Structure formats: structure tokens, C-alpha cells
Amino acid sequence: MGFLSCGISKAGYLENEAPRLEDWLNNNQNGQMSYMENHFDKRLDPTLLVDDAKSVVSLLFNYYPKDFLDSDSYKIAKYAYGEDYHYVVKDKLKEFLFSIQNEIGEVSGRAFVDSAPVLEKAWAAKSGLGWIGKNSNLLTQKVGSFYFIAELIIDLELEYDFATTDHCGTCTACIDACPTQAIVAPYVVDGSKCISYYTIELKDNIPAELKGKFDDWAFGCDVCQDVCPWNKFSTAHNEPLFETNPNLLAMSKKDWTEITEETFRIVFKNSPLKRAKYKGITRNINFLQ
Ligand code: SF4
Ligand code: SF4
């Protein structure tokens, strides 16, 4: 089905993550992402989320593009170049679950792609798919970090994988390059300072003191991944639905400043950019000018 890799862990309480998540929330590093405060217990324990959960199957799906946007235009995070991954990857996960059911019989479970309270990076790391780097992304030595993480939580006992080792070493490239100093310590990203948060999640105006710091990022930000040496190993995906939207490829800065709500609706009908809505995107573009 095109997944890059798969790792499996026993479903249960994520002990090591609990204090980390609690500190992050207590320090308000989630900003206005109040949904992160909900379902605290379920977030740490999938057995509270899915009845009779026994195993968490983590899968990676590459989105590193073939065709990049014009470097003279406003910047969009690479994961948003094609169609909305929530649907694309979820469909593949469902297909995977069906194939497990065909092969094995009665297996129940649920599929998650950034869509429910699941700490996907922690599960993927626990299952040996990679390590969580100083930029807080899941990293692999083979393909870097430009992929989606998806989970199947199922009621089937399986053989479990082991965590891998950290290969960040003495590197601090991501911390040094972050335009808003959002990586406040190695492995700690203050979500409320991150350009992805400001350009996608924030509902209010972007604080004026940040003017000039966004380096033309209009939706998300890839800087801490682009500078990561492990991403030299990224190779292009081969998923047709993630092909770079041709309209997006053609858009100049002028087009962005002139885009109407109707055009936005048509061009980004199936795009992750819809999350920021027309209002959010135009706010971001105005802020960048
Ligand atoms: S995504 Fe951008 S703003 Fe956010 S931590 Fe990474 S480099 Fe900093
Ligand atoms: S840039 Fe360096 S420190 Fe940051 S995640 Fe990559 S390897 Fe780790």
C-alpha cells in the first residue's frame, strides 16, 4: 500500500510521555490549541480510546515532493502540496485493516491519522521507526522526516518492536535555524512560538513583534526539517494524490495577494490549506507583506 515502514508496540500507558505532555501543557506551549488539553488520559493510553486495544501499529507514509514551489513565491509546508493526507492516508489504513481481517479473521480496531488523541510520534519511536529529534519530529536515518505517521489500534496481540537510538548527536542545526526561536531547548518545541501554529492554528492576529521573522512562510514551516542533515536522504514519494497541486505551483506572490475567496475554495478544495481557511491564509499573506 506504499507505506515506508511499520512498527508495533503493546497498547498501554505511555509512562515516559506523561510528564513531558503535562509540562508542555502547564507551560502553555500549546498556545490556543486547546484541543491538546482535552482527553489527557486517552492521549496517554490508547486502551481508553479503543475497546480492547492490544497493539498499536505505526506506519510511515512519505510525502517528500518531486515538484517544489517557486522559491520567489510565498512558502507552504511540503506536506500540504497535494491532497489532504487525512483522507488519503486514512483510506490506505482502512484498506490495510481490511487486508488484516481477510488474512486473519475477526480483528477490530480503529485507524488514526492526526485525527484523534494519539501521540503518534511517541508510538512510532517506541516501535522502532525512528527517534524523536531535537526539533521534535520523528527522524529516521534512511529517509529523514518528511512523512506522515499513522496508527492502527487493534485488538490483536502481536510481536512487539523495540525503540531505536537517538542520532542527533551534537548537531543543533534545527535549533539554530528556527526563525522564531521556537525550539526552546533540545527536544522541546514551544508550539505557541512556532510559525506552523501562527499560520494555521492561531485564530487572532499574528503578534506585530513577529513581523519580518516568518521568512515568507504562509502556511506551516519546514525550516527545522529542511536543515536537518538526515533529510538529505529524503526521496520523492510516488503517491499520485500527493502530486504538487499545479495551481499552487503556478502561484506567484502577486497571485497570493489577489486571491479571492471563490478561487481559494476551488483551488484548495481537497487541500490541507483549507484548515487555515481563506480568512487565515489572507491574514498570513497580509502579515508577510
Ligand atoms: S516549524 Fe519552523 S517555526 Fe516551528 S519549530 Fe520548526 S523551524 Fe521553528
Ligand atoms: S537538525 Fe540536527 S539536532 Fe535537529 S533534529 Fe536534525 S539531527 Fe537532530
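Residues numbered from 1 in each chain as written. Chains lettered and ligands numbered in written order. Predicted model: local features only at pLDDT ≥ 70, side-chain atom pairs only at ≥ 80, totals over all residues. Heavy atoms only, no water.

Enquirer: Can you help me understand the pattern of salt bridges in this one?
Expert: Charged atoms that come close allow side chains of opposite charge to pair. Here the structure, examined in full by the defined rule, presents 10 salt bridges. Between Glu17 and Arg20 there is a salt bridge, and its shortest N-O distance comes to 3.7 Å. Here Arg20 and Glu17 lie together in helix α1 (residues 17-26), a separation of 3 residues that amounts to about one turn. By relative accessible area, which is 48% here, Arg20 ends up partly exposed. Residues Lys66 and Glu243 are paired through a salt bridge, measuring 3.3 Å at the closest nitrogen-oxygen approach. Residue Lys66 is found in the loop between β2 (55-62) and β3 (75-76), and its partner Glu243 is found in the loop between α7 (223-226) and α8 (246-250); the two are separated by 177 residues along the sequence. For Lys66, a relative accessible area of 48% corresponds to the partly exposed category. Given the relative accessible area of 31%, Glu243 is considered partly exposed. (Salt bridge = Lys/Arg side-chain N within 4 Å of Asp/Glu carboxyl O. Helix = DSSP H or I, 4+ residues; strand = E, 2+ residues; numbered from the N terminus. Buried < 20%, exposed > 50% of the residue type's maximum accessible area, 1.4 Å probe, protein only.)

Enquirer: What exactly am I supposed to notice about the sheet that holds strand β7 (residues 147-154) here?
Expert: Backbone-to-backbone hydrogen bonds join strands into a sheet, with any given pair of strands oriented parallel or antiparallel. Spatial ordering of the open sheet is given by β1-β2-β7-β4, a layout of 4 strands whose pairing is antiparallel. Looking at the sheet topology across the chains shown, the edges are occupied by β1 (5-10) and β4 (109-112). On average, each strand axis in the sheet is inclined to that of its neighbour by 20°, with strand direction left out of account. Two elements, β4 and β7, share 4 bridges in a ladder whose sense is antiparallel. Across the sheet, residue Ala111 finds its bridge partner in β7, namely Leu152. Contacts between helix α3 (residues 85-104) and the sheet are confined to β2, β4 and β7, with β7 contributing the most and set at about 40° to the helix. (Pairing = 2+ DSSP bridges. Axes fitted to C-alpha atoms, helices over the stretch in contact; angles between N-to-C directions. Contact = heavy atoms within 4.5 Å.)

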